Amino acid sequence: MDKPESIEDLRRSFSYGSRSNLNFKFLKDLSDEEFGHFLEQLLAAVDSSMDDGDATGAIDVAFRWQVQGYSGHLGDPAEFRHRHDDVPLATMSKPLNESRVALITSSGHFIDGDDPQPFGEPSMSQQEAEDRIQEFLREAPTLSAIPFDAPSEQLRVRHGGYPVRAAATDHQVALPIGHLQALRDEGIIGDLVPDAYSFVGAASQLRIQRDAGPAWAEQLKDIGTDVALFVPV
Amino acid sequence: MSVGHVQRAVEAAGIPTVGVYVASFGHIPGLMGVARALVTQHPMGRPLGAPHDAERQRAVVRRSLDLLSASEQTITDYGEAYRIP
């Protein structure tokens, strides 16, 4: 007879397990007691929404526990693996309305016809990216260039580490190319570099820190970047 | 963490940077020594706002760009709660 599923098994099943849901993969890091509180609050919020149709409460519960799952279970900050006590600081050489702005997001967007083809595989699905998350976490990331005037129907997104539905529905939740164009046209920013950039943030942290980060920094300098906006997801 | 590494490298190369981090990763800029960050009260995967909430997305971008002139480490909470337009 199979061993009964424990509460811990249940919590973990939402993180790339039998009930995988990237909006709720944080449940694996909650204690069983916290998980109970989460369920109680979520059910109460859903209960309330049944009569007024307003899901705001349920969204808020999910959001607050997501924050608790990630920020509330860090352990000792001194032991944080990627901790740095220094802060590199550069100074603007000109005002924003004269500056060329670059955009880099870890959203996993790319333009149709320029699929980064992870592991050499053409047209990998979102589901396969999620199924192969451990392989992604060992590999170097690929930087995809996306013209700021790319039509939305030509944009694709695939990323095994976060729920991409919002970014697929409206790329500007993470890739604000239209908003930056508008700010340029209004004279708020001076100009944009030729392309925006996106990569899959679920990649080897060592390779990003050691290789990709410095290489991409040089790339941004070479194309005349004055300031850079980053959008992690 | 990925963006934290890249943001540090770009800043170290002499280019001022700012990052928009969702609240779940609001601890990253401080722990990783990132120069400037705006932290939004948005769920993971929607850093600038909900789909088609162009007003919020645009306001977040504007606010983040305003941080670029800061000459010391600046981590600011955007403050507004997530909303569905």
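1. Description of helix 3 (residues 56-71) of chain A
Relative to the 22 Å expected for 16 residues at 1.5 Å per residue, helix 3 of chain A spans 22 Å between its end C-alpha atoms, a close match to the ideal helical length. Where the residues of helix 3 of chain A are buried, they touch helix 2 (32-52) of chain A together with strand 2 (36-41) of chain B.

2. Focus on the domain arrangement of chain A
Residues and elements named next belong to chain A. For chain A, the assigned domains read domain 1 (7-71) and domain 2 (96-231). Facing five residues of domain 1, the contacting portion of domain 2 comprises seven residues. Summed over both partners, the interface of domain 1 with domain 2 buries about 450 Å², with 57% contributed by carbon and sulfur atoms. It is Tyr16, Leu22 and Asn23 in domain 1 that bury the most area against domain 2; as a group they hold 86% of the surface buried on that side. Along the contact surface separating domain 1 from domain 2 lie zero salt bridges. There are two residue pairs in polar contact (both at pLDDT 80 or more) connecting domain 1 and domain 2. Of the residues assigned to the side of domain 1 that touches domain 2, the class counts are two nonpolar, two polar and one charged.

3. Quick notes on the environment of Trp216(A)
Tracing the chain through its elements places Trp216(A) in helix 8 (residues 205-222). Relative accessible area serves as the criterion here: at 10%, Trp216(A) is assigned to the buried category. Considered as a pair, Trp216(A) and Asp112(A) are 104 residues apart in the sequence and their alpha carbons are 22 Å apart. Sequence-distant contacts of Trp216(A), that is, excluding residues within four places in its chain, are made with Pro141(A), Thr142(A), Leu143(A), Phe199(A) and Val6(B).

4. Quick look at the nonpolar core
Core analysis: the largest hydrophobic core is formed by 73 residues, its most contacted members being Leu103(A), Leu180(A), Leu229(A) and Leu65(B). Here this core gathers at least three residues from each of two domains, domain 1 (7-71) and domain 2 (96-231) of chain A. Not counting the four nearest positions on each side in its chain, Leu180(A) is found in contact with Leu103(A), Phe148(A), Ile189(A), Leu192(A), Leu229(A), Val61(B) and Leu65(B). Core analysis: the second largest hydrophobic core is formed by six residues, Ile133(A), Phe136(A), Val200(A) and Ala202(A) among them.

5. So, a negative patch on the surface
Residue and element names in this part refer to chain A. Taken together, the side chains of Asp47, Asp51, Asp52 and Asp54 present a region of like negative charge at the surface. Mapped onto the elements, aspartate 54 comes out in the loop between helix 2 and helix 3. Residue aspartate 54 is classed as partly exposed on the basis of its relative accessible area of 39%.

6. A short note on unusual backbone geometry
Residues and elements named next belong to chain A. Within the chain, tyrosine 16 stands out as a residue other than glycine whose phi angle is a positive 60 degrees. Unlike most non-glycine residues, phenylalanine 119 shows phi in positive territory, near 60 degrees. Secondary-structure assignment places phenylalanine 119 in the loop between strand 2 (109-111) and helix 4 (126-131). Of the residues examined, phenylalanine 119 reaches a relative accessible area of 32% and is grouped as partly exposed.

7. With respect to the side chain of Arg132(A)
Residue and element names in this part refer to chain A. Along the chain, arginine 132 turns up in the loop between helix 4 and helix 5 (133-136). Using a relative accessible area of 19% as the deciding quantity, one classes arginine 132 as buried. Sequence-distant contacts of arginine 132, defined by excluding residues within four places in its chain, comprise Phe119, Glu121 and Met124.

8. Here we look at the packing of aromatic side chains
Geometry of an aromatic ring pair is reported as the spacing of the ring centres plus the angle between the planes. Using the criterion set out here, one finds seven aromatic pairs over all chains in the structure. Between Phe26(A) and Phe38(A), the ring centres sit 6.1 Å apart and the planes meet at 90 degrees, which makes this aromatic pair edge-to-face. Separated by 12 residues along the polypeptide, Phe26(A) in the loop between helix 1 (7-13) and helix 2 and Phe38(A) in helix 2 bring together distant segments of the chain. Residue Phe26(A) is classed as buried on the basis of its relative accessible area of 1%. Summarising the aromatic geometry, the rings of Tyr70(A) and Phe25(B) are spaced 5.0 Å apart at their centres and angled 70 degrees between planes, so their arrangement reads as edge-to-face. Taken as a pair, Tyr70(A) in helix 3 and Phe25(B) in the loop between strand 1 (17-22) and helix 2 (28-32) lie in two separate chains rather than in one.

Here is what the cut-offs are and how they apply
Residue numbers restart at each chain and count upward from 1, following the sequence in its written direction. Here every chain gets a letter starting at A, and every ligand a number starting at 1, in the order they are written. Where totals are concerned, whole chains, interfaces and linings use all residues; where local detail is concerned, this predicted model gives features only for residues with pLDDT of at least 70, and gives and counts side-chain atom pairs only at 80 or more. Hydrogens and waters are ignored; side-chain quantities use all the structure's heavy atoms. Helix and strand assignments follow DSSP, with helices taken as H or I runs no shorter than four residues and strands as E runs no shorter than two, numbered in order from the N terminus. By this rule, a helix spans an expected 1.5 Å times one less than how many residues it contains. Two residues qualify as a contact provided that any one of their heavy atoms is within 4.5 Å of a heavy atom in the partner residue. Marked domain ranges trace back to an automatic or database domain assignment. Buried area: the sum, over both parts, of the accessible surface (1.4 Å probe) that disappears when the two are put together. We count a salt bridge whenever a side-chain nitrogen from Lys or Arg sits within 4 Å of a carboxyl oxygen from Asp or Glu. Under this definition, polar contacts are N or O atom pairs within 3.5 Å; protein pairs additionally need one hydrogen-donor-capable and one acceptor-capable atom, and for neighbouring residues in sequence, both atoms have to be side-chain atoms. Under the convention adopted here, Pro, Cys and the residues Ala, Val, Leu, Ile, Met, Phe, Trp and Tyr are nonpolar, Asp, Glu, Lys and Arg are charged, and Gly plus all remaining residues are polar. Buried residues are those whose accessible area, probed at 1.4 Å on protein chains only, stays under 20% of the maximum for their type, while exposed residues exceed 50% and partly exposed ones sit between those limits. Here, nonpolar core means buried Ala, Val, Leu, Ile, Met, Phe, Trp, Tyr and Cys residues that are tied together by side-chain atoms lying within 4.5 Å of each other. Residues with no salt bridge and a relative accessible area higher than 30% make up the patches, which join like charges within 9 Å and nonpolar side chains (Val, Leu, Ile, Met, Phe, Trp, Tyr) within 5 Å. Each accessible area value is a Shrake-Rupley result obtained with a 1.4 Å probe; residue values ignore everything except the protein chains displayed when judging cover. When charges are counted, Lys and Arg are positive and Asp and Glu negative, with His and the chain ends excluded. Every charge is mapped to an atom, namely NZ of Lys, CZ of Arg, CG of Asp or CD of Glu. Between the rings of Phe, Tyr and Trp (Trp by its six-membered ring), a pair exists once the centres lie within 6.5 Å; its type follows the angle of the planes, with under 30 degrees stacked, over 60 edge-to-face, and the other angles tilted.

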